[in-house]
Amino acid sequence: LQLQINEKGTDKYVLIPVATIGCGKTTVALTLASLYGWGHVQNDDVSSKSGKFRTFSNRISQAFSEHDVVIVDRNNHQFRERQQLFEAMDLMADANGYDMHYIGLDFLPNGPAQKEWEVTLSRVMNRGDNHQTIRNMDRPAVEAIMKGFRGRYQPITVAKEPDSNFELVIDVNCARGSKDNVTAVVSALNDAYDMDLETKPEELNAAFSAALEHKAKIPVG
Ligand code: GTP
C-alpha cells in the first residue's frame, strides 16, 4: 500500500483513535507530538459542557492551520462520534482547500476483551487523580464509567459509513505497550505514505518516558 501525496502541499493527516478509557490515547499522542511536532487536540481539555464539540472542532481547525498531522484525542468509540468528526473535518477541508487523509488508530482490534479490560483498569487505577475528568472518584464509580464506554463501543467497520472514510486503519492494540504502539503508527505511516519518519531509540525512550510522566491539565474550580 503506497498512497499518493500531492505536490501542492495541501495534504493533511488526521489520526483518529477508536478506543475506550485508559487505552493509552494520550500517551501515544504525546509521544508522537513530541517526536515529530504534530498537533494534539485533547477533548478532555475542553471544559465547557455546552458547545463542547464546537470548541473541540475549532481547536482541531486551529491545529491544522499550524500542523500537517494532527491527533484528535477522544475515544470516538461510536459510529455517531466518528461521523461527527468526519463531517466537521470535511467542512474544514472544503473551506481551506485541504486534502484530508483520515487514519484510524484501532486500540481495540479484538473488541473490549478481558485482557484489554484488565490492562486499562489497572492503568486507570494507577493513574489515580491525574486526569481532567476521571478524578476524586472511588473505584466502583471509575469502573462504572469504564464499563459504560465498553458497553457502547462500536468497532471500526470500514465496509460502511462512517468508517469507510478511513483511508488507513492502524492496529494499536492497547494490550500491547504504548511504546510499541507508537512504533506501529510510525511504521504504518512510513509504509503507506512514504513519510520517512525516523525514530532513534534514545529519542523514542525519552519522549515516551516524558509522556508517562505527563500531568493532565486539571480544570480549576
Ligand atoms: P482516557 O483519557 O482516560 O480515556 O485515557 P487514555 O486512553 O488517554 O490513556 P492514557 O494515555 O491516559 O493512559 C492511561 C494511564 O496508563 C496513564 O497513567 C499512562 O501514563 C499509563 N500508560 C499508558 N500507556 C502505558 C504503557 O504502555 N505502560 C504503562 N506502564 N503505563 C501506560
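Draft legend 1. Inspection of the site of the ligand at higher detail. Contacts to the ligand come from 15 residues, most closely from K25, T26, T27, R127 and S178. In the environment of the ligand, a nitrogen atom lies 2.6 Å from a nitrogen or oxygen atom belonging to the side chain of S178. Here the ligand, which alone exposes 650 Å², has 80% of that area covered by the protein. Of the pockets mapped on this structure, the ligand occupies the largest pocket.

Draft legend 2. The arrangement of the environment of H214 in detail. Looking at the element boundaries, H214 is found in the segment after α7 (201–213). With relative accessibility at 29%, the residue H214 sits in the partly exposed group. Once the C-alpha coordinates of H214 and H77 are considered, the two residues, 137 residues apart in sequence, prove to be 24 Å apart. Aside from chain neighbours lying at most four places away, what touches H214 is L30, Q42 and N130.

Draft legend 3. Just the packing of aromatic side chains, in detail. Summed over all chains, the structure comprises 6 aromatic pairs. Where Y13 meets Y193, the ring centres are 5.0 Å apart and the plane angle is 75°; that geometry is what we call edge-to-face. Here Y193 lies in helix α6 (residues 178–193) and Y13 lies in strand β1 (residues 11–18), a separation of 180 residues in the sequence. Judged by relative accessible area, Y193 falls into the buried class, the value being 0%.

Draft legend 4. A look at the side chain of E81. Within the secondary structure, E81 is located in helix α3 (residues 79–96). This buried residue, E81, is left without a salt bridge; R74 holds the nearest opposite charge, at 4.2 Å. Residues in contact with E81, not counting those within four places in the same chain, are R74, N75 and N76.

Draft legend 5. Layout of the pattern of salt bridges. Inspection of the entire model under this criterion finds 6 salt bridges. With a closest N to O distance of 3.0 Å, K12 and D68 form a salt bridge. A residue pair is termed long-range when its members are at least 10 positions apart, and K12 in strand β1 and D68 in the loop between α2 (52–66) and β3 (69–73) qualify at 56 residues. Judged by relative accessible area, which is 8%, K12 ranks as buried. By relative accessible area, D68 is classed as partly exposed at 43%. One salt bridge in this structure joins R139 and E143, with 3.1 Å as the shortest N-O distance. Placement of both R139 and E143 in helix α5 (residues 139–152) is noted, with a separation of 4 residues, approximately one turn of the helix. Judged by its relative accessible area of 45%, R139 falls in the partly exposed class. Its relative accessible area of 18% is what places E143 among the buried residues. Three or more residues joined by partner-sharing salt bridges are found here, namely R139, E143 and K147.

Draft legend 6. The arrangement of the sheet that holds strand β4 (residues 99–106) in detail. Across the sheet, 5 strands lie side by side as β2-β3-β1-β4-β5; this open sheet has parallel pairing. The outermost strands of the open sheet, each flanked by one partner alone, are β2 (39–42) and β5 (168–171). Strand-to-strand, the axes of this sheet are offset by a mean angle of 20°, without reference to chain direction. Bridge count between β4 and β5: 4 bridges; the pairing is parallel. Within β5, the residue paired with G104 across the bridge is V169. Most of the contacts of α3 go to β4, to which it runs at about 160°, and overall it touches β1, β3 and β4.

The rules we used
Residues numbered from 1 in each chain as written. Predicted model: local features only at pLDDT ≥ 70, side-chain atom pairs only at ≥ 80, totals over all residues. Heavy atoms only, no water. Near = heavy atom within 4 Å. Polar contact = N/O pair within 3.5 Å; in protein donor to acceptor, adjacent residues only side chain to side chain. Areas by Shrake-Rupley, 256 points an atom, 1.4 Å probe, with all protein chains shown as cover. 1 Å grid on protein atoms, 1.4 Å probe; cavity = no way out; pocket = protein on both sides within 12 Å on 5 of 7 lines; lining within 4 Å. Sits in = over half its atoms within 2 Å of the grid points. Helix = DSSP H or I, 4+ residues; strand = E, 2+ residues; numbered from the N terminus. Buried < 20%, exposed > 50% of the residue type's maximum accessible area, 1.4 Å probe, protein only. Contact = heavy atoms within 4.5 Å. Phe/Tyr/Trp six-rings, centres within 6.5 Å; stacked < 30°, edge-to-face > 60°. Lys, Arg positive; Asp, Glu negative; His and termini not counted. Salt bridge = Lys/Arg side-chain N within 4 Å of Asp/Glu carboxyl O. Pairing = 2+ DSSP bridges. Axes fitted to C-alpha atoms, helices over the stretch in contact; angles between N-to-C directions.

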